[in-house]
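So the chains spell out like this:
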Amino acid sequence: MAEVGSGGGGSLAEQLKSCIVWSWTYLWTLWFFLMLFLVYVLRVPLKINDNLSTVSMFLNTLTPKFYVALTGTSSLISGLILIFEWWYFRKYGTSFIEQVSVSHLRPLLGGVDNTAPSNSTSNNGDTDSNRQSVSECKVWRNPLNLFRGAEYNRYTWVTGREPLTYYDMNLSAQDHQTFFTCETDHLRPADAIMQKAWRERNPQARISAAHEALELNECATAYILLAEEEATTIVEAERLFKQALKAGEVCYRRSQQLQHHGAQYEAQHRRDTNVLVYIKRRLAMCSRKLGRTREAVKMMRDLMKEFPLLSMFNIHENLLEALLELQAYADVQAVLAKYDDISLPKSATICYTAALLKARAVSDKFSPEAASRRGLSTAEMNAVEAIHRAVEFNPHVPKYLLEMKSLILPPEHILKRGDSEAIAYAFFHLQHWKRVEGALNLLHCTWEGTFRMIPYPLEKGHLFYPYPICTETADRELLPSFHEVSVYPKKELPFFILFTAGLCSFTAMLALLTHQFPELMGVFAKAFLSTLFAPLNFVMEKVESILPSSLWHQLTRI
């Protein structure tokens, strides 16, 4: 499991509480076994010195084989506990012993349940952060998603691996049903066939249904399906999208005239609008992939002017990538000025593009040694702050940009601030960072400094809301199994895994030394036990000398 960042998952207060709980548990356990030992030793009314001499005689008669068996058994038991703890941590991300202590032992020892609200004010204060956490865990359509037939399927043919998960494709099927269908589809035979086709799980069945719909009528959504899934090249996909554009424009003009005649006509017009926007956007992406970048930029600008309210497609992110390819940095800055607003949802594309533009102004002359001697200039400080802002929003991106982690094909859906969004961004924008001289060097020197400002990112952020805890689970469903999901914040090993590992190693070493040097270890063991029981012997002698023998006799009988 790849890990990013150095911040711990829990707060310092939680860690201290857990340590206190376990300290109390350990002390009470020691006290309990000490009482059992005293009850056993004092079970008959004898003199204390006689009892201690009996214990000493028993210890002296023990052979080295006993110590080998004792240390070997302790090592085996602690090793089994270590294996179980490690398996539980890898599967659930927490320590089993710590979880049991927090759930069961803390209430018994008078601990307070932190999950219970202390007052209504704290409840109201947490509402906004909870709502933000839910919105940040929402899965979004990847605005730069690839073509299934021309790109994803080609990867499968070459490598034999499936780049898309079932969960990701199921989300795409839901999107297609939302954007490309409406309640009146049953009135038109071709649209009725396509309504069923979008629900099909088998790709060949979907393609066959699209051909069947085209035999009945010029259906725009049928051309879309064939361009996305049957076309094996971008050129072929572009040809099919152009045919879809002709059919889509006819339907859009027809429904535009009838949209105010009723709710059904309005729903049909909304569907036709979504179809037309989708086709034009994909045509612009085809032009971008085929090297006609200026044509793609013009198509995207026209599309954003014609349909300014359809922000759900995030066409501005396609535009930013195309403008960066043209190295039109002034135009990129103009787009960022419009969309990098506090009231609009952020994305890795916006944050890291803003950081790239500020890094571009200083990166070619930046030197870590010179900066450490003279300090950072105002422009360098602005660039570093922009990088810290971007890293706080999505801490997974730098490892892909710095090629510390291998890239895979981006999924069709992404989770903002998650590993899936980092892959989607780096897949298309790594070349733009490489083109700016020194930008990756500046990123390499400064990105880890972000984590010092947010030691507990799950509880409190610096410029953004706390990092959502749901990203790892969602990314594992969106990304293929052969990819090692990046995890943030870094999960530290629980104390009890380290403790049991040390205990297992120590007892195993003692067992080995006792087996190899039985007599020498026997001397050490007897000396250790004698030293251990010396304070107890001293206390017992003092107690016996102070208390009358008759009173002590009655106490031992009790």
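The preceding data block contains the structure.
Below: a short report on this structure. Here, residues in each chain are numbered from 1, in the same order as that chain's written sequence. Whole-chain, interface and lining totals are the exception, using all residues; otherwise, since this is a predicted model, local features are given only for residues with pLDDT of at least 70 and side-chain atom pairs are given and counted only at 80 or more. As a rule here, side-chain values cover all heavy atoms of the structure and leave hydrogens and water aside.

**Focus on the overall build of the protein**
Okay, step 1: Under the DSSP-based scheme used, a helix requires at least four consecutive residues in state H or I and a strand at least two consecutive residues in state E, with every element numbered from the N terminus. Counting its secondary structure elements, the protein contains 26 helices and four strands.
Okay, step 2: Using a 1.4 Å probe on the protein chains alone, a residue whose accessible area is under 20% of its type maximum counts as buried, one over 50% counts as exposed, and one in between counts as partly exposed. Here the protein holds 558 residues, and 44% of them are scored as buried.
Okay, step 3: A separation threshold of at least 6 residues defines the contact pool for the protein, and within that pool the share at least 24 residues apart is 73%.
Okay, step 4: Reported accessibility uses the Shrake-Rupley method at a 1.4 Å probe radius. Residues are deemed covered only where the shown protein chains occlude them. If you sum the accessible surface of the protein, you get close to 30,600 Å²; carbon and sulfur atoms cover 60% of it. Contacts are assigned to residue pairs that have any heavy atoms within 4.5 Å of one another.

**Quick notes on the pattern of salt bridges**
Okay, step 1: Salt-bridge detection follows one rule: a side-chain nitrogen of Lys or Arg within 4 Å of a carboxyl oxygen of Asp or Glu. Evaluation of the coordinates by the stated rule reveals 20 salt bridges.
Okay, step 2: For the salt bridge of Glu-229 with Arg-148, the shortest nitrogen-to-oxygen distance reads 3.8 Å. Taken together, the positions of Glu-229 in helix H10 (residues 220-230) and Arg-148 in helix H6 (residues 148-159) put the pair 81 residues apart, joining distant regions of the chain. Each member of the pair, Glu-229 as well as Arg-148, carries the same accessibility label: buried.
Okay, step 3: Residues Arg-206 and Glu-229 are paired through a salt bridge, measuring 3.0 Å at the closest nitrogen-oxygen approach. Residue Arg-206 is found in helix H9 (residues 203-216), and its partner Glu-229 is found in helix H10; the two are separated by 23 residues along the sequence. Here Arg-206 and Glu-229 have matching classes, each one buried.

**Remarks on helix H11 (residues 234-258)**
Okay, step 1: Its 25 residues give H11 an end-to-end C-alpha distance of 35 Å, which sits within 8% of 36 Å, the value for a rise of 1.5 Å per residue.
Okay, step 2: Every buried residue of H11 is accounted for by Ile-234, Ala-237, Glu-238, Leu-240, Phe-241, Ala-244, Leu-245, Ala-247, Gly-248, Tyr-252 and Ser-255. Multiplying one less than the number of residues by 1.5 Å gives the expected span of a helix.

**Some words on the side chain of Thr-293**
Okay, step 1: Structurally, the position occupied by Thr-293 is in helix H13 (residues 293-306).
Okay, step 2: Exposure remark for Thr-293: the relative accessible area of 8% places this residue in the buried category.
Okay, step 3: Those residues in contact with Thr-293 that sit more than four places away from it in its chain are Ser-287, Arg-288, Ala-322, Glu-325 and Leu-326.

**Here we look at the packing of H10 against helix H12 (residues 263-289)**
Okay, step 1: Interaxial distance between H10 and H12 falls to 11 Å at its minimum, and their mutual angle equals 35°. In terms of crossing hand, the pair formed by H10 and H12 is left-handed. Contacts between H10 and H12 involve Ala-220, Thr-221, Ile-224 and Glu-228 from the former and Val-275, Tyr-278, Ile-279 and Arg-282 from the latter.
Okay, step 2: The residue makeup of the contact of H10 with H12, split by class, is five nonpolar, one polar and two charged. In this analysis an axis means a line fitted to C-alpha atoms, helices contributing only their contacting stretch, and an angle means the value between N-to-C directions, from 0 to 180 degrees. A clockwise turn of the near helix away from the far one marks a right-handed crossing, whereas an anticlockwise turn of less than a right angle marks a left-handed crossing. In this classification, Asp, Glu, Lys and Arg are treated as charged, Ala, Val, Leu, Ile, Met, Phe, Trp, Tyr, Cys and Pro as nonpolar, and every other residue, Gly included, as polar.

**Some details on the packing of aromatic side chains**
Okay, step 1: Two aromatic rings from Phe, Tyr or Trp, using only the six-membered ring of Trp, form a pair when their centres are within 6.5 Å; if the ring planes differ by under 30 degrees the pair is stacked, by over 60 it is edge-to-face, and anything between is tilted. For the structure shown, the criterion picks out six aromatic pairs.
Okay, step 2: For the pair Phe-180 and Tyr-278, a centre-to-centre distance of 5.1 Å together with 80° between the ring planes defines the contact as edge-to-face. One end of the pair, Phe-180, is in helix H7 (residues 166-180); the other, Tyr-278, is in helix H12, with 98 residues separating them in the sequence.
Okay, step 3: We classify Phe-180 as buried; its relative accessible area is 2%.
Okay, step 4: Ring geometry for Tyr-352 and Tyr-425: centres 5.5 Å apart, planes at 35°, overall tilted. Remark: Tyr-425 occurs in helix H20 (residues 419-435) and Tyr-352 occurs in helix H16 (residues 348-360); sequence separation between them is 73 residues.
Okay, step 5: Among the residues examined, Tyr-352 registers a relative accessible area of 1% and is labelled buried.
Okay, step 6: Here Tyr-425 falls in the buried class, since its relative accessible area comes to 2%.
Okay, step 7: Taken together, the ring pairs connect Phe-180, Trp-198 and Tyr-278 into an aromatic cluster.

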